[in-house]
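Examination of the molecular architecture
One letter stands for each residue in the lines below.
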Amino acid sequence: MNRILPLLVISLVTAPLASFAAPPSQPAKKEVPARQGKLVFVATTGLEDLGTLSSSLRHVKNAKESGYLSDVVWLTYGRAVVALDPTVKAVPAEVREAAQAAKAAGVRLVACGTALKKFGIDPKALQPQADVVDDGVAELSRLVAEGYQVIRY
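Residues numbered from 1 in each chain as written. Predicted model: local features only at pLDDT ≥ 70, side-chain atom pairs only at ≥ 80, totals over all residues. Heavy atoms only, no water.

Remarks on the sheet that holds strand 4 (residues 131-133)
The sheet built from five strands is open, its strands ordered 4-3-2-1-5 with parallel pairing. Two strands lie at the open edges of the sheet, namely strand 4 and strand 5 (149-152), each paired on one side alone. The sheet shows a mean angle of 25° between the axes of neighbouring strands, taken without regard to direction. Examined bridge by bridge, strand 1 (residues 37-43) and strand 2 (residues 69-76) share seven bridges and lie parallel to one another. (Pairing = 2+ DSSP bridges. Helix = DSSP H or I, 4+ residues; strand = E, 2+ residues; numbered from the N terminus. Axes fitted to C-alpha atoms, helices over the stretch in contact; angles between N-to-C directions.)

Side note on unusual backbone geometry
A cis amide bond links Gln 127 to the next residue, Pro 128, at an omega of -5°. Tracing the sequence through the fold places Pro 128 in the loop between helix 4 (113-118) and strand 4.

Here's the deal with the environment of Leu 50
Within the fold, Leu 50 resides in helix 2 (residues 50-65). Of the residues examined, Leu 50 reaches a relative accessible area of 26% and is grouped as partly exposed. Considered as a pair, Leu 50 and Ala 90 are 40 residues apart in the sequence and their alpha carbons are 9.7 Å apart. Not counting residues up to four positions away in its chain, the partners in contact with Leu 50 are Ala 90, Pro 92 and Val 95. (Buried < 20%, exposed > 50% of the residue type's maximum accessible area, 1.4 Å probe, protein only. Contact = heavy atoms within 4.5 Å.)

Looking at the nonpolar core
Ranked by internal contacts, the top residues of the largest apolar core, which has 41 residues, are Val 40, Phe 41 and Trp 74. For this core, the secondary structure elements donating two or more residues are strand 1, helix 2, strand 2, helix 3 (93-104), strand 3 (108-112), helix 4 and helix 5 (136-145). (Core = buried A, V, L, I, M, F, W, Y, C linked by side-chain atoms within 4.5 Å.)

A word on the environment of Gly 106
In this fold, Gly 106 is placed in the loop between helix 3 and strand 3. The spatial distance from the C-alpha of Gly 106 to the C-alpha of Asp 71 is 8.9 Å, given a sequence separation of 35 residues.

Overview of the side chain of Ser 54
Tracing the chain through its elements places Ser 54 in helix 2. With relative accessibility at 1%, the residue Ser 54 sits in the buried group. Only 2.8 Å separates the side chain of Ser 54 from the side chain of Glu 94, close enough to count as a polar contact. Those residues in contact with Ser 54 that lie beyond four places of it in its chain are Glu 94, Val 95 and Ala 98. (Polar contact = N/O pair within 3.5 Å; in protein donor to acceptor, adjacent residues only side chain to side chain.)

Some remarks on the environment of Val 137
Position of Val 137 relative to the elements: it lies in helix 5. With 61 residues separating them in the primary sequence, Val 137 and Thr 76 have C-alpha atoms 9.4 Å apart.

What follows is the structure, encoded as C-alpha coordinates:
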(Lines give C-alpha, C1' and ligand atoms only; values in the text may rest on other atoms or scores of the structure.)
Protein backbone atom coordinates (compact mmCIF):
# COMPACT_ATOMS: atom_id res chain seq x y z
CA MET A 1 0.00 0.00 0.00
CA ASN A 2 2.85 2.38 0.82
CA ARG A 3 4.28 1.98 -2.68
CA ILE A 4 0.97 2.58 -4.41
CA LEU A 5 0.18 5.84 -2.67
CA PRO A 6 3.20 7.79 -4.06
CA LEU A 7 2.45 6.52 -7.58
CA LEU A 8 -1.17 7.58 -7.27
CA VAL A 9 -0.18 11.07 -6.09
CA ILE A 10 2.35 11.47 -8.92
CA SER A 11 -0.20 10.44 -11.55
CA LEU A 12 -2.82 12.83 -10.18
CA VAL A 13 -0.35 15.72 -10.32
CA THR A 14 1.23 15.02 -13.70
CA ALA A 15 -1.93 14.12 -15.68
CA PRO A 16 -3.37 17.67 -15.69
CA LEU A 17 0.05 19.11 -16.52
CA ALA A 18 0.28 16.89 -19.60
CA SER A 19 -2.83 18.48 -21.04
CA PHE A 20 -1.15 21.92 -20.92
CA ALA A 21 1.77 20.63 -22.96
CA ALA A 22 -0.48 19.05 -25.63
CA PRO A 23 -0.91 21.03 -28.85
CA PRO A 24 -4.27 22.82 -29.21
CA SER A 25 -6.94 20.75 -30.91
CA GLN A 26 -7.91 21.72 -34.45
CA PRO A 27 -11.40 23.18 -34.95
CA ALA A 28 -13.83 20.80 -36.59
CA LYS A 29 -13.75 21.14 -40.35
CA LYS A 30 -16.97 22.25 -41.98
CA GLU A 31 -18.24 19.51 -44.21
CA VAL A 32 -18.76 20.33 -47.85
CA PRO A 33 -22.45 20.20 -48.70
CA ALA A 34 -23.75 17.53 -51.08
CA ARG A 35 -25.28 20.08 -53.50
CA GLN A 36 -28.02 17.72 -54.56
CA GLY A 37 -31.25 19.60 -53.92
CA LYS A 38 -32.94 21.96 -56.33
CA LEU A 39 -35.34 24.77 -55.43
CA VAL A 40 -37.58 27.00 -57.47
CA PHE A 41 -38.89 30.11 -55.73
CA VAL A 42 -42.13 31.15 -57.42
CA ALA A 43 -42.98 34.84 -57.14
CA THR A 44 -46.50 35.83 -58.13
CA THR A 45 -47.15 38.80 -55.86
CA GLY A 46 -46.55 42.27 -57.24
CA LEU A 47 -46.51 45.84 -56.05
CA GLU A 48 -49.37 45.14 -53.64
CA ASP A 49 -46.93 43.29 -51.38
CA LEU A 50 -43.42 44.65 -51.85
CA GLY A 51 -42.24 43.03 -48.62
CA THR A 52 -43.03 39.56 -49.93
CA LEU A 53 -41.54 40.34 -53.32
CA SER A 54 -38.34 41.61 -51.71
CA SER A 55 -38.20 38.62 -49.35
CA SER A 56 -38.45 36.16 -52.22
CA LEU A 57 -35.37 37.69 -53.83
CA ARG A 58 -33.36 37.81 -50.60
CA HIS A 59 -34.30 34.24 -49.72
CA VAL A 60 -33.43 32.85 -53.15
CA LYS A 61 -29.99 34.47 -52.89
CA ASN A 62 -29.46 32.98 -49.42
CA ALA A 63 -30.51 29.54 -50.66
CA LYS A 64 -28.02 29.74 -53.52
CA GLU A 65 -25.21 30.93 -51.27
CA SER A 66 -25.89 28.15 -48.73
CA GLY A 67 -23.96 25.74 -50.92
CA TYR A 68 -26.39 22.90 -50.29
CA LEU A 69 -28.25 23.08 -53.60
CA SER A 70 -27.25 22.17 -57.13
CA ASP A 71 -29.61 24.76 -58.65
CA VAL A 72 -31.79 27.63 -57.48
CA VAL A 73 -34.32 29.39 -59.69
CA TRP A 74 -36.45 32.48 -59.13
CA LEU A 75 -39.47 32.11 -61.40
CA THR A 76 -41.84 35.01 -61.81
CA TYR A 77 -45.21 35.12 -63.46
CA GLY A 78 -48.25 37.27 -62.99
CA ARG A 79 -47.86 40.65 -61.29
CA ALA A 80 -44.38 39.87 -59.96
CA VAL A 81 -42.77 40.44 -63.38
CA VAL A 82 -42.84 44.18 -62.69
CA ALA A 83 -39.95 43.65 -60.26
CA LEU A 84 -37.68 43.28 -63.30
CA ASP A 85 -39.12 46.21 -65.29
CA PRO A 86 -36.80 49.21 -64.95
CA THR A 87 -39.52 51.60 -66.15
CA VAL A 88 -41.87 50.95 -63.22
CA LYS A 89 -41.05 53.73 -60.76
CA ALA A 90 -43.14 52.13 -57.96
CA VAL A 91 -40.57 49.33 -57.55
CA PRO A 92 -38.30 50.44 -54.70
CA ALA A 93 -34.53 50.32 -54.87
CA GLU A 94 -34.51 47.58 -52.21
CA VAL A 95 -36.32 45.19 -54.57
CA ARG A 96 -34.11 46.10 -57.53
CA GLU A 97 -30.95 45.64 -55.44
CA ALA A 98 -32.19 42.27 -54.14
CA ALA A 99 -32.80 41.12 -57.73
CA GLN A 100 -29.30 42.23 -58.77
CA ALA A 101 -27.76 40.50 -55.74
CA ALA A 102 -29.62 37.26 -56.47
CA LYS A 103 -28.44 37.30 -60.08
CA ALA A 104 -24.87 38.07 -58.99
CA ALA A 105 -24.99 35.12 -56.57
CA GLY A 106 -25.75 32.78 -59.47
CA VAL A 107 -29.51 32.47 -59.15
CA ARG A 108 -31.23 31.81 -62.47
CA LEU A 109 -33.96 34.41 -62.90
CA VAL A 110 -36.85 33.30 -65.13
CA ALA A 111 -39.72 35.50 -66.33
CA CYS A 112 -43.01 34.43 -67.90
CA GLY A 113 -43.35 35.70 -71.47
CA THR A 114 -47.16 35.73 -71.23
CA ALA A 115 -47.03 37.99 -68.17
CA LEU A 116 -44.47 40.27 -69.82
CA LYS A 117 -46.84 40.70 -72.78
CA LYS A 118 -49.84 41.26 -70.51
CA PHE A 119 -48.06 44.07 -68.65
CA GLY A 120 -46.38 45.53 -71.75
CA ILE A 121 -42.83 44.81 -70.57
CA ASP A 122 -40.04 44.48 -73.12
CA PRO A 123 -38.17 41.22 -72.39
CA LYS A 124 -34.90 42.76 -73.62
CA ALA A 125 -35.16 45.61 -71.10
CA LEU A 126 -35.41 43.44 -67.98
CA GLN A 127 -33.07 44.48 -65.16
CA PRO A 128 -31.41 42.31 -64.24
CA GLN A 129 -31.62 40.22 -67.36
CA ALA A 130 -33.67 37.06 -66.98
CA ASP A 131 -34.40 33.99 -69.04
CA VAL A 132 -37.80 34.44 -70.66
CA VAL A 133 -40.03 31.40 -71.12
CA ASP A 134 -43.28 31.27 -73.07
CA ASP A 135 -45.40 30.26 -70.10
CA GLY A 136 -44.36 30.46 -66.44
CA VAL A 137 -46.70 27.69 -65.26
CA ALA A 138 -45.44 25.33 -67.97
CA GLU A 139 -41.86 26.11 -66.88
CA LEU A 140 -42.80 25.46 -63.25
CA SER A 141 -44.30 22.12 -64.30
CA ARG A 142 -41.10 21.23 -66.13
CA LEU A 143 -38.95 22.11 -63.13
CA VAL A 144 -41.13 20.06 -60.77
CA ALA A 145 -40.88 17.11 -63.18
CA GLU A 146 -37.06 17.49 -62.94
CA GLY A 147 -37.19 17.21 -59.15
CA TYR A 148 -37.24 20.84 -58.04
CA GLN A 149 -38.95 21.64 -54.76
CA VAL A 150 -41.26 24.67 -54.88
CA ILE A 151 -41.36 27.63 -52.52
CA ARG A 152 -44.16 30.02 -53.37
CA TYR A 153 -44.33 33.73 -52.59
